[in-house]
Amino acid sequence: MRVVAPGRVNLIGDHVDYVGGVVLPMAVQLGTEIVVEPAPGDLRLSSADVEDESGWQRFVAATVREVAATGEAHGGTGRVSSTLPIGAGMSSSSSLTVAVALAAGFTGSPLELARLAQRAEIAATGVPCGLMDQLAITHGVDGHALRIDCRVDEVSPVPLPSGVAVHAIHSGVARRLEGSPYADRRRSCEAAEAEIGPLRDASLHAVDRIGDATIRSRARHVVSEIARVDAAVAAARADDAVTFGELMNASHVSLRDDFEVSIPELDDLVGRLQATPGVLGARLTGAGFGGCAVVLADAEADLSDFGGWSLRPSAAAAVQT
Ligand code: GLA
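Residues numbered from 1 in each chain as written. Predicted model: local features only at pLDDT ≥ 70, side-chain atom pairs only at ≥ 80, totals over all residues. Heavy atoms only, no water.

1. Some details on the nonpolar core
Of all hydrophobic cores here, the largest spans 66 residues; its most connected members are Leu24, Leu199, Phe244 and Leu311. Ranked by the residues each element gives to this core, the list is headed by helix α7 (residues 213–237), at 10 residues. Beyond its immediate sequence surroundings of up to four residues, Phe244 is in contact with Leu11, Leu24, Ala232, Ala235, Ala236 and Leu296. (Core = buried A, V, L, I, M, F, W, Y, C linked by side-chain atoms within 4.5 Å. Buried < 20%, exposed > 50% of the residue type's maximum accessible area, 1.4 Å probe, protein only. Helix = DSSP H or I, 4+ residues; strand = E, 2+ residues; numbered from the N terminus. Contact = heavy atoms within 4.5 Å.)

Following this line, the structure appears as structure tokens:
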């Protein structure tokens, strides 16, 4: 059997999934492939192109344990290959966990698959990640971004504006969520919610009432980012790529100044991208602390000097044979 699972890039809406916000990622054509010969017993996977130092076996083991807990797991021998850069913020680990779950015989719904992969990822890393990445990977739709309402885990396809291309450009700094302030940022959001209630429903006015300046900044990012996602979805539906790009630029400023998850290398890269002809918007994507910038550009724009990847919105993870 052959399993494929895409990676994802988040166009806009970072650090809002775990407070039940709205996000707009897309599954991408880069991803994980597993070819496995099912058999009783253990699942044995090897890989020629995923390096051992990335600790990928931990993700495999945690996923197999989760599938076994559903009573569905089968074993076998297989090979894993990946076209996703590791530590780039394109969800190589979530792509792997989703692919392994399918290769191990999981047959639940896409939502159940996403939740299982999230449990495996949290077990493997200890990082309390949200569900955005796994939902994007299990619900991808060719040619579409995905509006995900993380309060109810509902996914709606949104066509990209016409005449644009999406690129991911690496900052050169590998990102690891373990040991990063990710959990700290989550706690700050919880502290804000203890004071003013769910951030999904909060106004910027309410945010101003938060006593602690740091918590107030974190909350200001979340509340303003959710509004930007709503505006970006409206812009995409109106085929307004210029407004969409401006919202991406504003998102970067908010992640840099209010949520403080950028690093100088990403700020520098985003600045150079925004100054490049044909670029409509650029921002850090995913958790931050390194990894890639995501860029919306005119389809003809030449970003070859930056290296990177031209990304196509792609279909969801699937068993192909
Ligand atoms: C990581 C997590 C996601 C999300 C992003 C930030 O990718 O896995 O759940 O929180 O960071 O938007």
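2. Let's talk about the pattern of salt bridges
All told, the structure shown has 15 salt bridges when counted by the stated rule. One salt bridge in this structure joins Asp14 and Arg283, with 2.6 Å as the shortest N-O distance. Here the residue Asp14 occupies a position in the loop between β1 (2–12) and β2 (22–39), and Arg283 occupies one in strand β8 (residues 279–284), the gap between them amounting to 269 residues. In this structure, Asp14 and Arg283 share a single accessibility class: buried. In this structure, the salt-bridge partner of Asp258 is Arg220, at a minimum N-O distance of 2.8 Å. Taken together, the positions of Asp258 in the loop between α8 (241–257) and α9 (264–274) and Arg220 in helix α7 put the pair 38 residues apart, joining distant regions of the chain. Salt bridges here are not isolated pairs; linked through shared partners, they connect Asp14, Glu225, Arg228 and Arg283. (Salt bridge = Lys/Arg side-chain N within 4 Å of Asp/Glu carboxyl O.)

3. Some remarks on the packing of aromatic side chains
Per the counting criterion, the structure on display carries 1 aromatic pair. Between Tyr18 and Tyr182 the ring centres are 5.5 Å apart and the planes differ by 70°, which places this aromatic pair in the edge-to-face class. Of this pair, Tyr18 sits in the loop between β1 and β2 while Tyr182 sits in helix α5 (residues 182–196), and the two are 164 residues apart along the sequence. Neither residue differs from the other here; Tyr18 and Tyr182 are each classed as buried. (Phe/Tyr/Trp six-rings, centres within 6.5 Å; stacked < 30°, edge-to-face > 60°.)

4. Things to note about α9
When α9 is considered as a whole, its buried residues turn out to be Leu266, Leu269, Val270 and Leu273. Taken around the axis of α9, the buried residues stretch over an arc of 100°, which confines them to a single face. Buried-residue contacts for α9 involve β7 (164–170), α8, β8 and β9 (292–298). (Arc of directions from axis to C-beta.)

5. A look at the layout of surface pockets
One number sums up the size of the largest pocket: a volume of about 690 Å³. When residues of the lining of the largest pocket are traced back to their parent elements, those giving at least two are α1 (56–69), β4 (75–82), α2 (92–103), α3 (110–125) and α4 (132–139). Element by element, the count of residues in the lining of the largest pocket is highest for α2, at 4 residues. For the lining of the largest pocket, a count of residues per class yields 16 nonpolar, 15 polar and 9 charged. By volume, the second largest pocket is sized at about 230 Å³. In terms of lining residues, the second largest pocket is bounded by 18 residues, among which Val4, Ala5, Pro6, Gln29 and Thr32 are the most central. Element by element, the count of residues in the lining of the second largest pocket is highest for β2, at 6 residues. Taken together, the residues that form the lining of the second largest pocket break down as 8 nonpolar, 8 polar and 2 charged. (1 Å grid on protein atoms, 1.4 Å probe; cavity = no way out; pocket = protein on both sides within 12 Å on 5 of 7 lines; lining within 4 Å. Points joined across faces, edges and corners; volume = space filled by probe spheres on them. Nonpolar A, V, L, I, M, F, W, Y, C, P; charged D, E, K, R; others polar.)

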